[in-house]
Amino acid sequence: MENKLNQKQATYLLGALGFMVTFLLGFFLYPKVSKKQAIHADTILEAIKDQFREEGPIDGSWIELTKVPWKKFAYSTDVYYGGISRLEENILVQYEFIADAYTGSLIDLYRV
């Protein structure tokens, strides 16, 4: 009987120890994981090029590799500026875009 009680206590002790280790890891790692991290500009450019390729081939593209602060009304973030060119009806058409550096989403896209 005493042997089973010791096994039960050992199980509870290991469970409590596992819980404490998990809690402490979460407590100390949360600030690093939750920190806002920018997506690399090339990754954003590739995603935007893939969206353009759905409508047809592209001729060229570019993106600035430095983040720039951007604010419009109450929304502020860092952005990348870039552009894409392609032939539309045998005419070279250029588009410029503004992409959010943290989500990769297009904020603005306009034809030049």
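Look above for the structure.
Residues numbered from 1 in each chain as written. Predicted model: local features only at pLDDT ≥ 70, side-chain atom pairs only at ≥ 80, totals over all residues. Heavy atoms only, no water.

1. Some points on the packing of aromatic side chains
Here comes step 1: Taken as a whole and assessed by the stated rule, the structure comprises four aromatic pairs.
Here comes step 2: Pairing F23 with F27 gives two aromatic rings, centres 6.4 Å apart and planes at 20°, and the pair type is stacked. Residue F23 and its partner F27 are both found in helix 1 (residues 2–34); the two are separated by four residues, about one turn of the helix.
Here comes step 3: Taking relative accessible area as the criterion, F27 reaches 54% and is therefore assigned exposed.
Here comes step 4: Clustering of aromatic rings is evident, with ring pairs tying together F23, F27 and F28. (Phe/Tyr/Trp six-rings, centres within 6.5 Å; stacked < 30°, edge-to-face > 60°. Helix = DSSP H or I, 4+ residues; strand = E, 2+ residues; numbered from the N terminus. Buried < 20%, exposed > 50% of the residue type's maximum accessible area, 1.4 Å probe, protein only.)

2. Here's the deal with helix 2 (residues 41–53)
Here comes step 1: With 13 residues, helix 2 should cover 18 Å at 1.5 Å per step; its first-to-last C-alpha distance of 18 Å lies within 8% of that length.
Here comes step 2: What helix 2 keeps buried is the set A41, I44, L45, I48, K49 and F52. Along helix 2, the residues classed as buried sweep out an arc of 135° about the axis, all on the same side.
Here comes step 3: For helix 2, the elements touching its buried residues are strand 1 (60–63), strand 3 (75–88), strand 4 (91–100) and strand 5 (106–111). (Expected span 1.5 Å × (residues − 1). Arc of directions from axis to C-beta. Contact = heavy atoms within 4.5 Å.)

3. What to know about unusual backbone geometry
Here comes step 1: Look at F73: it is not a glycine, yet its phi comes out positive at around 55°.
Here comes step 2: At E89, a position not held by glycine, the phi torsion is positive, near 55°.
Here comes step 3: For E89, the location among the structural elements is in the loop between strand 3 and strand 4.
Here comes step 4: Here E89 falls in the exposed class, since its relative accessible area comes to 76%.

4. Things to note about the pairing of strand 4
Here comes step 1: Looking at chain direction, strand 3 and strand 4 are connected through 10 bridges and run antiparallel. From the neighbouring strand, V79 faces strand 4, where its bridge partner is D100.
Here comes step 2: Linking strand 3 back to strand 4 in an antiparallel pair, the connection comprises two residues, with E89 at a positive phi of about 55°.
Here comes step 3: Pairing geometry for strand 4 and strand 5, over five bridges, is antiparallel. For Y95, the partnering residue across the bridge sits in strand 5 and is R111.
Here comes step 4: From the end of strand 4 to the start of strand 5, which pair antiparallel, there are five residues, and G104 there has a positive phi angle of about 85°. (Pairing = 2+ DSSP bridges.)

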